[in-house]
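Listed below, chain by chain, are the residues.
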Amino acid sequence: MAVQYVCAVFLGEIISYAGLVPALLYLALMAAVWVLLLLSENRKEVLAKWLLSVPLSNLLLQYFWNTHYAVRALNWAYPGYGTQSAGGGFAVFVLLLLQTVLCGIGLIAAFSSPQKADPKAEAIRLCIGGGCTLAVIAAVLLLETQFPPYEQVVS
């Protein structure tokens with residue numbers, strides 16, 4: 001869930017360079033996958049999943065900040081752009097806020113309606129969620145290999 005939540009903001013930002021609508025669709029899709037992973041048989045399990053994802057989200061955010069992912073992505077999309085402007089930082093904040101609202105709605109929905117015990121449905125949810133998570137991790141790492149080094153951006 002942490003991978004879906006945090007990566008959606010950074011990959012959504014990259015997608016937004018091509019257009020705002022595709023980025024918003026991507027955020028909605030990732031929020032749906034996040035909710036799919038959150039669905040559980042009882043409220044305690046929903047709460048436990050969410051509480052576990054919070055510190056993992058922080059660790060993942062630290063990865064993106066420490067690798068200067070957003071600035072390097074911007075300079076990959078627009079070579080020679082330099083450091084991110086205040087407007088670009090605000091745009092990322094808006095994407096983060098939107099993703100938080102979408103996931104918050106999903107959290108309320110999952111908490112309000114526990115799922116019936118169905119091993120087949122759980123297996124399908126885990127396969128879809130796991131596949132999407134692996135695809136997102138692969139995209140993040142593959143893109144990072146294409147980005148210019150941070151030292152080149154700030155020099």
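Caption draft 1: Looking closely at helix 4 (residues 69-77). Burial runs high along helix 4: seven of the nine residues are buried. Regarding helix 4, the residues found buried are Tyr69, Ala70, Val71, Arg72, Ala73, Leu74 and Asn75.

Caption draft 2: Broad picture of the side chain of arginine 125. Here arginine 125 shows up in helix 6 (residues 119-146). Here the side chain of arginine 125 touches glutamate 122 through a polar contact of 2.6 Å, side chain to side chain. Filtering out sequence-adjacent residues up to four positions away, arginine 125 remains in contact with Leu36, Leu37, Leu39 and Gln115.

Caption draft 3: Region of the structure containing unusual backbone geometry. Despite not being glycine, histidine 68 shows a phi value in the positive range, around 55°. Counting through the fold element by element, histidine 68 comes out in the loop between helix 3 (43-66) and helix 4. Residue histidine 68 is classed as partly exposed on the basis of its relative accessible area, which comes to 30%.

Caption draft 4: View of the nonpolar core. Ranked by size, the top nonpolar core spans 35 residues in total, and within it Leu11, Phe64, Tyr69 and Val136 carry the most contacts. Contributing elements (two or more residues each) for this core: helix 1 (2-16), helix 2 (20-38), helix 3, helix 4, helix 5 (86-112) and helix 6. When residues no more than four places from it in sequence are discounted, the contact partners of phenylalanine 64 are Val6, Cys7, Phe10, Tyr69 and Val140.

Rules of the game
- Residues numbered from 1 in each chain as written.
- Predicted model: local features only at pLDDT ≥ 70, side-chain atom pairs only at ≥ 80, totals over all residues.
- Heavy atoms only, no water.
- Buried < 20%, exposed > 50% of the residue type's maximum accessible area, 1.4 Å probe, protein only.
- Helix = DSSP H or I, 4+ residues; strand = E, 2+ residues; numbered from the N terminus.
- Polar contact = N/O pair within 3.5 Å; in protein donor to acceptor, adjacent residues only side chain to side chain.
- Contact = heavy atoms within 4.5 Å.
- Core = buried A, V, L, I, M, F, W, Y, C linked by side-chain atoms within 4.5 Å.

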